[in-house]
Amino acid sequence: MKFSVYRYNPETDSEPYMQMFEIEQRQGMMLRDALLAIQEQDESFTFRHSCGEGVCGSDGVNVNGSNKLACIAPLTELKDPVEVRPFPGRPVIRDLVVDMSQFYAQYNQVDPWLQRKEPLPEQEILQTPEERDQLDGLYECIMCGCCSTACPSFWWNPDKFLGPQALLSACRFLADSRDQAGEERLDKLEGPYKLFRCHTIMSCVEACPKGLNPTKAIGHIKAIMLKEAI
Amino acid sequence: MSRRASGLRAWFLQRATAIYLILFLLYLLQHLIFNPPDSFAAWQGWVAQPLVGLGLLLCFASLLLHAWVGFRDVLIDYVHPTAIRVSILTLFGFALIGCALWVMQTIFLATVA
Ligand code: SF4
Ligand code: SF4
Ligand code: FES
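Below, the structure is looked at part by part. From a predicted model like this one, the values you see are computed outputs, not experimental measurements. (Residues numbered from 1 in each chain as written. Chains lettered and ligands numbered in written order. Predicted model: local features only at pLDDT ≥ 70, side-chain atom pairs only at ≥ 80, totals over all residues. Heavy atoms only, no water.)

**Some points on the site of ligand 1**
So, step 1. The environment of ligand 1 is formed by A:C151, A:S153, A:P164, A:C198, A:H199, A:T200, A:I201, A:M202, A:S203, A:C204, A:T215 and A:I218.
So, step 2. Of all the elements in the fold, those that place two or more residues in the shell around ligand 1 are α7 (203-207) and α8 (214-229) of chain A. (Near = heavy atom within 4 Å. Helix = DSSP H or I, 4+ residues; strand = E, 2+ residues; numbered from the N terminus.)

Rendered as structure tokens:
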């Protein structure tokens, strides 16, 4: 199987280029295995990965035009030759490794932790099964960044638009019966940028390897805002 | 409404005007299919009916508001230097106001004729 891989080492290359590799395809091989095989051929080739089972969220790459986690992308589902690039729109550190600090900064902006105003009880704060169900489809995010880096609105305004990942997280805490900072959370999302740059393009939904739906979460936040405003 | 409405209000206006535009265009379409006005006088008479006139005014108001929100969205997405964005937005705003005045004049003239 042929691979066209994005290469860039800012210390030695004046500009990025694509390099061809050929590897022997074995049964059950994922893209991460292919990248490891490529690394055996050329040790200078750099990419991030860790868990190898779609849990850590560190090996997001752009494959044949869509963002995927390499470790759970079967080679059999990819068109030969496979074009592998770093996430679009992020500054490249080296080869497939990009700088995600802006993405994390946006996540940080939604205060992604539980906030209580009442004093904390001695024991855990109980939820009914129904209240717990509200978190399904929101809490599973592994912060791989496949969604935000596939979002055109995030490409144009990554410093001002929070992006689908951070907004999904905002929704996760708005939906949590134990959280008591709903008002403040909504206030922080005000203005034309943080939330309302989303134009419901749904690239994020297509990209999410965990099958989550940030567009729906964003719609949910808008609905809560509307209800509060009238 | 709180300050929060600066993003919410634009978004809400966009949805609300879109719904009105669809409904009114459906009405317009059925009118043109089932009793198309065959003369200038018929057109004028149609527009002169108070409900039609009001509907048309609202339709153009919606259209212009919708255009404003949409155009502003495009500029916020793609045109980042503030000075350029404000200039384009101002020009566009004046053009929309011009259109609005023109529509009001047309409907007013049809009503008094
Ligand atoms: S739905 Fe919104 S957040 Fe998702 S890709 Fe589109 S613009 Fe981005
Ligand atoms: S929502 Fe999905 S694509 Fe986005 S960061 Fe979370 S797991 Fe990754
Ligand atoms: S290596 Fe952990 S998600 Fe792919």
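**Comments concerning helix α5 (residues 163-174) of chain A**
An α-helical turn contains 3.6 residues, so any two residues separated by three or four positions project in the same direction.
Residue and element names in this part refer to chain A.
So, step 1. When the terminal C-alpha atoms of α5 are compared, their 17 Å separation across 12 residues agrees well with the 16 Å that a helix rising 1.5 Å per residue should span.
So, step 2. Most of α5 sits out of view: 12 of its 12 residues are buried.
So, step 3. G163, P164, Q165, A166, L167, L168, S169, A170, C171, R172, F173 and L174 are the residues of α5 that are buried.
So, step 4. Against the buried residues of α5 lie α2 (101-109), α4 (152-156), α6 (182-188), α7 and α8. (Expected span 1.5 Å × (residues − 1). Buried < 20%, exposed > 50% of the residue type's maximum accessible area, 1.4 Å probe, protein only. Contact = heavy atoms within 4.5 Å.)

**Describing the packing of aromatic side chains**
So, step 1. Taken as a whole, this structure holds 9 aromatic pairs over all chains when the rule is applied.
So, step 2. Seen in terms of ring centroids, A:W156 and B:Y78 are 5.4 Å apart; in terms of plane orientation they differ by 50°. Their pairing is tilted. On the criterion of chain membership, the pair formed by A:W156 in helix α4 and B:Y78 in helix α3 (residues 50-78) is interchain, its members lying in two chains.
So, step 3. Assessed through its relative accessible area of 32%, A:W156 is described here as partly exposed.
So, step 4. With a centroid separation of 5.8 Å and an interplanar angle of 75°, the aromatic rings of B:W43 and B:W46 are classed as edge-to-face. Remark: B:W46 and B:W43 occur in helix α2 (residues 40-48); sequence separation between them is 3 residues, near one turn of the helix.
So, step 5. Classification of B:W43 as partly exposed rests on a relative accessible area of 37%.
So, step 6. When its relative accessible area of 6% is taken as the criterion, B:W46 is described as buried.
So, step 7. Members of the aromatic cluster, joined through ring pairs, are A:W155, A:W156 and B:Y78. (Phe/Tyr/Trp six-rings, centres within 6.5 Å; stacked < 30°, edge-to-face > 60°.)

**Considerations on the pattern of salt bridges**
So, step 1. In the structure shown here, the tally under the stated rule is 13 salt bridges over all chains.
So, step 2. A salt bridge links A:E83 to A:R85, with the shortest nitrogen-to-oxygen separation between them at 2.8 Å.
So, step 3. Its relative accessible area of 35% is what places A:E83 among the partly exposed residues.
So, step 4. One salt bridge in this structure joins B:D77 and A:R197, with 3.0 Å as the shortest N-O distance. Highlighted residues: B:D77 in helix α3 and A:R197 in the loop between α6 and α7, drawn from two different chains.
So, step 5. According to the relative accessible area criterion, A:R197 is buried, its value standing at 1%.
So, step 6. Beyond isolated ion pairs, a larger network of salt bridges with shared partners links A:R7, A:D42 and A:D95. (Salt bridge = Lys/Arg side-chain N within 4 Å of Asp/Glu carboxyl O.)

**Quick notes on the sheet that holds strand β3 (residues 60-63) of chain A**
Residues and elements named next belong to chain A.
So, step 1. Strand order in this open sheet of 5 strands is β2-β1-β5-β3-β4, and the pairing throughout is mixed. Single-partner strands in this sheet number two, and they are β2 (17-22) and β4 (66-69). For this sheet, the mean inter-axis angle between neighbouring strands, taken without regard to orientation, is 35°.
So, step 2. As paired strands, strand β1 (residues 2-7) and strand β5 (residues 82-85) are joined by 3 bridges and run parallel to one another. Directly across from V5, in β5, lies its bridge partner V84.
So, step 3. Across the sheet, helix α1 (residues 31-41) is in contact with β1, β2, β3 and β5; its angle to β1 comes to roughly 70°. (Pairing = 2+ DSSP bridges. Axes fitted to C-alpha atoms, helices over the stretch in contact; angles between N-to-C directions.)

**Overview of unusual backbone geometry**
Residue and element names in this part refer to chain A.
So, step 1. At the junction of D80 and P81, the peptide bond is cis and its omega measures out at -5° in the coordinates.
So, step 2. Checked against the element boundaries, P81 lands in the loop between β4 and β5.
So, step 3. A positive phi angle, near 45°, is found at D95, a position not held by glycine.
So, step 4. Take D95: it is sitting in the loop between β6 (92-94) and β7 (97-98).
So, step 5. Even without being glycine, D111 reaches a positive phi, approximately 50°.
So, step 6. Secondary-structure assignment places D111 in the loop between α2 and α3 (129-133).
So, step 7. The exposure class of D111 is buried, given its relative accessible area of 17%.

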